[in-house]
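# Report on the structure
Next come the chains, spelled out residue by residue.
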Amino acid sequence: NITIEIISALSGELGTHALNEITGGYTVLIKPSGAPRTITGTSAASTGLITLNGADRVTIDGSTTALADGPVAVAGNDQSLMITNLSTGGAVIWIRSTAAGNGATNNTIRNCVINGNSGTTTVAGILSGGSGTFGGDAEAPNSNNTIQHNVITKVQNAAYLRGGATTLILDQNWLVTENTFGSTVAADKLGFRGMLIGNAQNFIVSKNMINGVVSSSSSSSTMSGIQVALLVSGGLISQNKISDIKQINTVGWGSNGIFLAASSTASNLTVANNFVFDVASYGYNSGTTQSDNGYGIMVNAGGDYKIYFNSVLMATDQTNGGIPAAINIASGIAAGAVDLRNNIFANTQTLGTRYVIYSAAPATAYSAINYNDYYPGTGVTLGYLGAAQATLAAWQTATGQDANS
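Each value, and the rule that gives it
Residue numbers run consecutively from 1 along every chain, following the written order of its sequence. Thresholds applied to this predicted model are a pLDDT of at least 70 for local features of residues and 80 or more for the giving and counting of side-chain atom pairs; totals over whole chains, interfaces and linings are not thresholded and use all residues. Side-chain metrics rest on all non-hydrogen atoms present in the structure, leaving aside hydrogens and water. Going along the chain from the N terminus, every DSSP run of H or I of four or more residues is numbered as a helix, and every run of E of two or more is numbered as a strand. Taken over C-alpha atoms, the radius of gyration is set against a globule rule of 2.2 Å times the number of residues to the power 0.38. Accessible surface area values rest on a Shrake-Rupley calculation with a 1.4 Å probe, where residue burial reflects the displayed protein chains alone. Categorising residues by exposure relies on relative accessible area from a 1.4 Å probe, with only protein chains included: less than 20% of the type maximum marks a residue as buried, more than 50% marks it as exposed, and the intermediate range marks it as partly exposed. In this analysis, two residues are considered to be in contact whenever any of their non-hydrogen atoms come within 4.5 Å of each other. Polar contacts here mean pairs of N or O atoms no more than 3.5 Å apart (in protein, one a potential hydrogen donor and the other a potential acceptor; neighbouring residues in sequence count only if both atoms are side-chain atoms). Ring geometry is summarised as follows: Phe, Tyr and Trp rings, the Trp one being its six-membered ring, pair when their centres sit within 6.5 Å, and such pairs are stacked at plane angles under 30 degrees, edge-to-face over 60 and tilted between the two. In this description, strands pair whenever DSSP reports at least two bridges between them. Side-chain atoms within 4.5 Å link the members of a nonpolar core, which is a set of buried Ala, Val, Leu, Ile, Met, Phe, Trp, Tyr and Cys residues. Salt bridge, as applied in this entry: a Lys or Arg side-chain nitrogen positioned within 4 Å of an Asp or Glu carboxyl oxygen.

## Some remarks on the overall build of the protein chain
- Assigned secondary structure in the protein chain consists of 1 helix and 37 strands.
- Whereas a compact globule of 405 residues would reach a radius of gyration of roughly 22 Å, the protein chain reaches 21 Å, a difference of no more than 12%.
- Accessible surface, the protein chain: about 14,400 Å² in total, of which carbon and sulfur atoms supply 53%.

## Considerations on the environment of Asn 144
- Looking at where Asn 144 falls in the secondary structure, it is placed in the loop between strand S12 (124-129) and strand S13 (146-148).
- Overall, the relative accessible area of 33% leaves Asn 144 in the partly exposed class.
- It is 8.0 Å that separates the C-alpha atoms of Asn 144 and Asp 171, two residues lying 27 residues apart in sequence.
- If we skip the residues at most four places from it in the chain, Asn 144 touches Asn 106, Asn 107, Gln 172 and Asn 173.
- Only 2.9 Å separates the side chain of Asn 144 from the side chain of Asn 173, close enough to count as a polar contact.

## Observations concerning the packing of aromatic side chains
- Per the stated rule, a full pass over the model turns up 7 aromatic pairs.
- Seen from their ring centres, Phe 345 and Tyr 374 are 6.4 Å apart, and the 20 degrees between their planes marks the pair as stacked. Separated by 29 residues along the polypeptide, Phe 345 in strand S32 (residues 344-347) and Tyr 374 in strand S35 (residues 373-376) bring together distant segments of the chain.
- By relative accessible area, Phe 345 is classed as buried at 0%.

## Topic: unusual backbone geometry
- Although it is not a glycine, Asp 278 adopts a positive phi angle of roughly 55 degrees.
- Here Phe 309, not a glycine, exhibits a phi torsion of approximately 55 degrees, which is positive.
- Assignment of secondary structure puts Phe 309 in the loop between strand S28 (305-308) and strand S29 (311-314).
- Residue class for Phe 309 comes out partly exposed when judged on its relative accessible area of 45%.

## Thoughts on the pairing of strand S6 (residues 48-53)
- Summarising burial for S6: 6 of the 6 residues are buried, a large majority.
- Of the pairings in the sheet, the one linking strand S3 (residues 19-20) to S6 comprises 2 bridges and is parallel in character. Considered in S6, the bridge of Leu 19 is made with Leu 52.
- Sheet topology places S6 next to strand S9 (residues 91-96); 5 bridges connect them, and they run parallel. Paired with Gly 48 across the bridge in S9 is Ala 91.

## A short note on the nonpolar core
- In terms of nonpolar packing, the biggest core is built from 77 residues, with Ile 83, Ile 93 and Ile 357 touching the most fellow members.
- Setting aside residues no more than four positions away along its own chain, Ile 93 makes contact with Ile 50, Ile 60, Ile 83, Ile 109, Ile 114, Gly 125, Ile 126 and Leu 127.
- With 9 residues, the next largest nonpolar core counts Tyr 295, Met 298, Ala 325 and Ala 330 among its residues.

## A short note on the pattern of salt bridges
- For the structure shown, the criterion picks out 7 salt bridges.
- As a salt-bridge pair, Asp 61 and Arg 110 come within 2.7 Å of each other at their nearest N and O atoms. Of this pair, Asp 61 sits in strand S7 (residues 58-61) while Arg 110 is found in strand S10 (residues 108-110), placing the two residues 49 residues apart along the sequence.
- Measuring nitrogen to oxygen at the nearest pair gives 3.2 Å for the salt bridge that ties Asp 278 to Lys 246. Note that Asp 278 is positioned in the loop between strand S25 (275-277) and strand S26 (279-281) and Lys 246 in strand S22 (residues 241-247), a separation of 32 residues in sequence.
- Among the residues examined, Lys 246 registers a relative accessible area of 18% and is labelled buried.
- Look at the salt bridges and you will find they share partners, linking Lys 189, Asp 244, Lys 246 and Asp 278 into a network.

## Looking at the environment of Thr 316
- Counting through the fold element by element, Thr 316 comes out in the loop between S29 and strand S30 (325-329).
- Residue Thr 316 is classed as partly exposed on the basis of its relative accessible area of 26%.
- Beyond its immediate chain neighbours, meaning those up to four positions away, Thr 316 contacts Lys 246, Asp 278, Val 279, Ala 280 and Gln 349.
- Among the polar contacts listed, one links the side chain of Thr 316 to the side chain of Asp 278, at a separation of 2.6 Å.

## Points about the side chain of Asn 293
- Among the secondary structure elements, Asn 293 is positioned in the loop between S26 and strand S27 (294-301).
- Residue class for Asn 293 comes out buried when judged on its relative accessible area of 0%.
- Of note is the side chain of Asn 293, whose polar atom sits 3.0 Å from the backbone oxygen of Gly 287.
- From its side chain, Asn 293 meets the backbone nitrogen of Ile 323 in a polar contact 3.2 Å long.
- If sequence neighbours within four positions are ignored, Asn 293 has contacts with Trp 253, Gly 254, Ser 255, Ser 281, Gly 283, Tyr 284, Gly 287, Gln 318, Gly 321, Gly 322, Ile 323 and Pro 324.

By themselves, these are just geometric observations and shouldn't be taken as functional.
Put into structure tokens, the structure is as follows:
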């Protein structure tokens, strides 16, 4: 087992050499020593400043007080290692499988401050995938990896985690917890997503603060706090606080706090106890898809979603009004795809045609919908399902459920 101590600032790094697999079950711990340290450099486009190439059991721990890896004798929580990649098309840390089909497993990134060049240039703070196309599917599972208690700013995606494209090579057991993605400082905000996870199984994304995902004035991309995409088979998104998610392009594009867009209709995904607020786009008055307006939670594709005990407040006005909602369920959602219970959905915006819940999907999309609190502010319509539903009684008739809401 090897401990690598960083005893001075490292500048001019190029990320040329990846860390490859170490056989024999041994571990590598990389940590600052003596004082806070910095690693700064510029990798080539579509590469990482630090790359784990099928490497296993590597821990990058930014704490100066942690004494050991694995079962930590003294666990530190100071963030005393700053890693900055000034590349305009790379990632700060790239965790990848190899072309030969060897995944990077049992790795941990914790207690670090991770920065890119800007929210419109550097692709990701932590990117996981394959060795072929940058950000593409993994050739083998990158499993049992942990991202914990980091601050990630000035990148497009704080984390972009993508496994293989078939059920045999889905990433297993990602843990993303206690991180801060984004910033209240304008220059340090993220430019696309807090994070994306896809082609993944049995993952946990919990207790993260995602604060500050703001588009450029020319971007047509949908801004997201947390996005679920591609194949999903079992996961938990819980206790995250998501705010300041903005799409500012005056043409009118979309933004959302949580974006559920898996390709799997049997995702077995639980979204629970999250707090979402301050989500807004410029506003588009002729559409209600994910790319049109701001929505606290957007259910766009896939299914088997259990959405419980979340609190969503839409209180930030869109400049051009538009058609925002606290939760939006798209028309293509299959029958029985959504279990929606015990949530608080509120909309107090004052501009546009506002809804608490907008459902382009029919009532059959809900395997259950009940025990929710719907709060429409002045001038806000409670719901849309087939037509605008102004009262709780009308909404209950439309869904055929919600008796205890």
